[in-house]
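Residue-level structure breakdown
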Amino acid sequence: MRVVILTADVGEGHAAAARALADELRAERPDCRVFVLDALAGLGAFLRYVLRDAYRWQLRRAPWIFGLLFGLLARSAPLRALGRTGLALLGARGLLRLVSAYRPDLVVSTYPAATSVLGQLRRRGRIAVPTCATVTDLAGVEFWAHPSIDRHLVMHESSVAPVERVAGPGSVRRSRPPIARQFFEPCSRERARRELSLPPERPVVVVSGGGWGVGDLLQTVGGCLGVPEAIVVCVAGKNRDLEHELAVLHAAEPRVRILGFTDRMNDLLAAADALVHSTGGVTCLEAIARECPIVAYGAPPGHARAAARVLAEHGLATTAETPGELTAALTQIVARRSAPRPGLAPAPSAAALALGTALRLQRPARRMRVAARVAALATASLVGGWTFLSDDAYPFTSRILDLEPVARIPTAGPQVAIVVRAPQGAIEAVLPLLRRTHVRVSFGFAGPPDLRVLRALEDAGSEPLPELAPGKLTGWLRTRAELEHESRRLHVGREGFYLAPASGFTAAQHLLGRDLGARPIVGAARVGPHVARRQTRFRRGDVIVVSVGSDRAAARRELSTLLERLTVQGLHAVPVRDLASGAHGSRATARRSALAGGPERLLGPAPGPTRSPGARTSRP
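Let me begin by describing the structure that accompanies this report. As the structure is a computational prediction, the values presented were derived from the model and not from experiment.

1. Here's the deal with the overall build of the protein
When its secondary structure is counted, the protein shows 25 helices and 20 strands. Sorting the 620 residues of the protein into buried and exposed places 53% on the buried side. Within the protein, residue pairs in contact and separated by at least 24 positions form 69% of the contacts whose partners lie at least 6 positions apart. Entry remark: accessible area of the protein is about 29,000 Å², with carbon and sulfur atoms responsible for 54%.

2. Considerations on the side chain of Thr-357
When you line up the elements, Thr-357 lands in the loop between helix H15 (350-355) and helix H16 (365-389). Assessed through its relative accessible area of 9%, Thr-357 is described here as buried. At 3.4 Å, the side chain of Thr-357 and the backbone oxygen of Leu-353 are in polar contact. Looking at Thr-357, its side chain comes within polar contact range of the main-chain oxygen of Ala-354, at 2.8 Å. Those residues in contact with Thr-357 that lie beyond four places of it in its chain are Leu-106, Pro-130, Thr-131, Cys-132, Asp-150 and Arg-151.

3. Remarks on the pattern of salt bridges
Applying the stated criterion across every chain yields a total of 23 salt bridges. Between Arg-176 and Glu-24 there is a salt bridge, and its shortest N-O distance comes to 3.6 Å. Of this pair, Arg-176 sits in the loop between strand E6 (172-174) and helix H8 (189-196) while Glu-24 sits in helix H1 (residues 13-28), and the two are 152 residues apart along the sequence. On the basis of relative accessible area, Arg-176 is assigned to the partly exposed category, the value being 32%. With its nearest N and O atoms 3.0 Å apart, the salt bridge here joins Glu-195 to Arg-191. With a gap of four residues between them, Glu-195 and Arg-191 both fall in helix H8, about one helical turn apart.

4. As for the environment of Gln-415
Assignment of secondary structure puts Gln-415 in strand E13 (residues 415-421). Between the alpha carbons of Gln-415 and Asp-542 there is a distance of 7.9 Å; along the sequence they are 127 residues apart.

5. Observations regarding a nonpolar patch on the surface
A surface patch of nonpolar side chains, about 540 Å² in accessible area, is lined by Phe-46, Tyr-49, Val-50, Leu-89 and Leu-90. Residue assignment for the nonpolar patch shows that the elements contributing at least two residues are helix H3 (45-61) and helix H5 (77-100). Per element, the largest residue contribution to the nonpolar patch is three residues, and it comes from H3. Along the chain, Val-50 falls in helix H3. Residue classification places Val-50 among the partly exposed residues on the basis of a relative accessible area of 35%.

6. Looking at unusual backbone geometry
Even without being a glycine, Ser-197 presents a positive backbone phi close to 60°. For Ser-197, a relative accessible area of 55% corresponds to the exposed category. Backbone geometry at His-438 places phi at a positive 55°, although glycine is not the residue there. Mapped onto the elements, His-438 comes out in the loop between helix H18 (424-437) and strand E14 (442-445).

7. Observations concerning the packing of H18 against helix H22 (residues 552-568)
Closest axis-to-axis distance for the H18/H22 pair is 9 Å, and the angle between their directions is 35°. As for how H18 packs across H22, the hand of that crossing is right-handed. Counted together, Gly-425, Ala-426, Glu-428, Ala-429, Val-430, Leu-433, Leu-434 and Thr-437 of H18 and Arg-552, Ala-555, Arg-556, Leu-559, Ser-560 and Leu-563 of H22 form the full contact between these two elements.

8. Section: the packing of aromatic side chains
Scanning the model with the defined rule gives five aromatic pairs in all. Aromatic pair Tyr-55 and Phe-66: ring centres 5.0 Å apart, planes at 55°, arrangement tilted. With Tyr-55 in helix H3 and Phe-66 in helix H4 (residues 63-75), this residue pair connects regions lying eleven residues apart in the sequence. Judged by its relative accessible area of 17%, Tyr-55 is buried. Counting every residue linked through ring pairs, the aromatic cluster contains Tyr-55, Phe-66, Phe-70, Phe-143 and Trp-212. A cation over an aromatic ring shows up here: Arg-56 above the ring of Trp-212, its NZ or CZ 5.2 Å from the ring centre. Lying over the aromatic face of Phe-261, Lys-238 brings its terminal NZ or CZ to 5.1 Å of the ring centre.

About the cut-offs
- Residues numbered from 1 in each chain as written.
- Predicted model: local features only at pLDDT ≥ 70, side-chain atom pairs only at ≥ 80, totals over all residues.
- Heavy atoms only, no water.
- Helix = DSSP H or I, 4+ residues; strand = E, 2+ residues; numbered from the N terminus.
- Buried < 20%, exposed > 50% of the residue type's maximum accessible area, 1.4 Å probe, protein only.
- Contact = heavy atoms within 4.5 Å.
- Areas by Shrake-Rupley, 256 points an atom, 1.4 Å probe, with all protein chains shown as cover.
- Polar contact = N/O pair within 3.5 Å; in protein donor to acceptor, adjacent residues only side chain to side chain.
- Salt bridge = Lys/Arg side-chain N within 4 Å of Asp/Glu carboxyl O.
- Patch = residues over 30% accessible without salt bridge, like charges linked within 9 Å, V, L, I, M, F, W, Y side chains within 5 Å.
- Axes fitted to C-alpha atoms, helices over the stretch in contact; angles between N-to-C directions.
- Left-handed = near helix turned anticlockwise from the far one by under 90°.
- Phe/Tyr/Trp six-rings, centres within 6.5 Å; stacked < 30°, edge-to-face > 60°.
- Lys NZ or Arg CZ within 6 Å of the ring centre and 35° of its normal.

So this is what it looks like as structure tokens:
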């Protein structure tokens, strides 16, 4: 009998359950060969990063992100289906290769992501042996279940119905928790305290945040110290930074003992009057088996808080929301040391139930293929929509698809281009400054141009540029029409440059603009009252975007300061098109000539280039 157990180094609970299950299987069937495998090695480097490293960062630095994702997925079965499909698309081939190398007769998973991919492989017939999954959480069990897994092992009767809603009737059995055998063996409090060098009579509270040291353990230890004479043993797990911080903070407190990762949890729970836990994982199952009271406190958003609620609902734990409530709950527990503690009902071992797993009838292949294609299409639509229609994705997409906006234009001379983004009233305020300093720049126009302002701008030798509106949900569809319309109104060629919106620019807008031959400008540097002044030195060829408000005096000061900085650095400003073409004045002269025709000529359609049959025109 060859059994593969899939687990993951995500916290410590999944790996601990796998080790305990492996020992049970060997004890149940001495001829059984058990292989405990890291599922993340099969799922690949990308999924390993997302499921372990990014998840750990979220729990420690931004737990609200994980809480938001957990809430969305817990409430939406279609989103969970999309997630399962994404996991299968990225990890199925590698996990199948990992498992097949051991030619198993049974595959067991203790990790939800591995269960999801294993179920997809079982559904498609790529794995034809029985599959089993342990569900060691009491909340969020829908993430641990899959319709094509042959048997699910749950720890509490309350988990049976929600798992069967996902996996189908008859797919669930309640088992004894897959924890080390020593937690079920007698161990007196006196002997455990003696071996741990803990005082025999004083209250002892164990604080744990799981294998990763998750939760606000700093505040938790403070709340526990509120219990008179209590000794607090805090297990920081593999979180070395937290362990060091706790050790420094409580160096002078003789009632606090700080531990890192330890393999003596059985002795600690036997010695403790209470366990204060933040994640509600396998450690809580160990505490229940050891009849150690649990106080759920400091859980980060997501499944940990849900697990705390479920434990409390079934009388398996007490919850506390504040340090004061934590102190009160512990004081009450210590005062009632001899009170009976609720536990889990007797059940067969997880190993015995796993070995008895039989193949279940799978859904018809045609139905499976249709469902998989629909899910894959939906996933592709979501990914494609995010890639091309989200401004958050544009920086990444622009590099991959060669859609980089214009930030610098190579030039041999000591020149930079300045693009001023300003209300039309402020444009009139800065034009005298430009005339006085003999500087010509480009101005972005995001709306209908005022003819008087446009004439003044052209008389000063500067140029107008169309400015694109942000690409909202459907606004990006008008990109081509918007650029053509604005180009005609500003009397500039549509094959040229345009100013990208300050925010909300997407890859779809870039592609539609490029179809016209137009190139977006974002600038190598941005200058303005709300932009941090990090740029200390400009380079020749830089395109500098200056944003000013309606305050005319402030607009003049901002532009004047920039021109002074350029002068000090030996650079001078030109319009964007002049920097691109090198013709410093020819375009401005031609544009001033066009103004002589009056408003009808200015606002009318731009004349196209003269072409003879077979001739070719070049884009600027």
